[in-house]
Amino acid sequence: MLKGIPSILSPELLKVLMEMGHGDELIIADGNFPAASHANRLLRCDGHGVPELLEAVLSLYPLDTYSEQPVALMAVVPGDQVETPIWKMYEDLISKHTAPAIEYVERFAFYERAKKAYAIVATSEKALYANVILRKGVI
């Protein structure tokens, strides 16, 4: 254990966050996301949801200020009648660190972007459309 480091962040995840450079992207994926088949680096955070991991990551991880939208969410597929109340939670968490400039990415474009991401963190999040991409900035 270390002072000031959220205990939800594993040593492996901390290592990955440190390795990442400006412009690298991290995916925090919900339980339905095909993380294993899309990941260059897969980190398992089973038993945890996206909001608590997002909050912990954002306490250490600078978002890219050179990008208009350093955060991306998977857009709801047209015609899908699903509510996304978790997005408001994300906006609130992000706004603690910066203005919530969020991009909404079509499902298959999101998958393609995930294949290029530095790492994917797989969670047990049950909410639908709860996947989030974070582009790393500089300190």
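No experiment lies behind these values; they were computed from the predicted model shown.

## Quick notes on the pattern of salt bridges
Now for step 1: Across all of its chains, the model carries eight salt bridges by this definition.
Now for step 2: The partner of Glu55 in a salt bridge is Lys96, with the nearest N and O atoms 3.4 Å apart. Of the two residues, Glu55 is situated in helix H3 (residues 50-58) and Lys96 in the loop between helix H4 (86-95) and strand E4 (102-105); the sequence distance between them amounts to 41 residues.
Now for step 3: Look at Glu55 and you get partly exposed, because its relative accessible area is 38%.
Now for step 4: Between Arg113 and Glu103 there is a salt bridge; the shortest N-O distance is 3.1 Å. Of the two residues, Arg113 is situated in helix H5 (residues 107-116) and Glu103 in strand E4; the sequence distance between them amounts to ten residues.
Now for step 5: Beyond isolated ion pairs, a larger network of salt bridges with shared partners links Glu25, Glu103, Arg113 and Arg135.

## Observations regarding the sheet that holds strand E1 (residues 25-29)
Backbone hydrogen bonds hold the strands of a sheet together, and the pairing may be parallel or antiparallel.
Now for step 1: If you walk across this open sheet you meet the six strands as E2-E5-E1-E6-E3-E4, and the pairing is mixed. Looking at the sheet topology across the chains shown, the edges are occupied by strand E2 (42-45) and E4. Averaged over all adjacent pairs, the angle separating strand axes in this sheet is 20 degrees, with direction ignored.
Now for step 2: In this sheet, strand E6 (residues 132-135) lies alongside strand E3 (residues 71-74) in antiparallel orientation, the contact comprising three bridges. Its bridge partner being in E6, Leu73 is matched across the sheet by Val132.
Now for step 3: Set on the sheet, H3 makes contact with E1, E2, strand E5 (119-123) and E6; between it and E1 the angle comes to about 155 degrees.

## A short note on the pairing of E5
Now for step 1: Within E5, five of the five residues are buried, which leaves it mostly tucked inside the rest of the structure.
Now for step 2: Residues Ala119, Val121 and Thr123 of E5 are buried on one face, and the alternating residues Ile120 and Ala122, pointing to the opposite face, are buried as well.
Now for step 3: Both E1 and E5 contribute to a ladder of four bridges, which runs parallel. Within E5, the residue paired with Ile28 across the bridge is Val121.
Now for step 4: Sheet topology places E2 next to E5; four bridges connect them, and they run parallel. Bridging across to E5, Arg44 finds its partner in Ala122.

## Remarks on the nonpolar core
Now for step 1: Counting residues in each nonpolar core, the largest one holds 48 residues, and the members touching the most others are Leu26, Ile28, Phe33, Val57, Tyr90 and Leu134.
Now for step 2: Looking at this core, the element that brings in the most residues is H3, giving six residues.
Now for step 3: Here Phe33 is in contact with His38, Met74, Phe110, Tyr111, Ala114, Ile120 and Asn131, once residues within four sequence places are set aside.

Reading the values: rules and limits
Residues numbered from 1 in each chain as written. Predicted model: local features only at pLDDT ≥ 70, side-chain atom pairs only at ≥ 80, totals over all residues. Heavy atoms only, no water. Salt bridge = Lys/Arg side-chain N within 4 Å of Asp/Glu carboxyl O. Helix = DSSP H or I, 4+ residues; strand = E, 2+ residues; numbered from the N terminus. Buried < 20%, exposed > 50% of the residue type's maximum accessible area, 1.4 Å probe, protein only. Pairing = 2+ DSSP bridges. Axes fitted to C-alpha atoms, helices over the stretch in contact; angles between N-to-C directions. Contact = heavy atoms within 4.5 Å. Core = buried A, V, L, I, M, F, W, Y, C linked by side-chain atoms within 4.5 Å.

Purely spatial values, then, with no claim about function.
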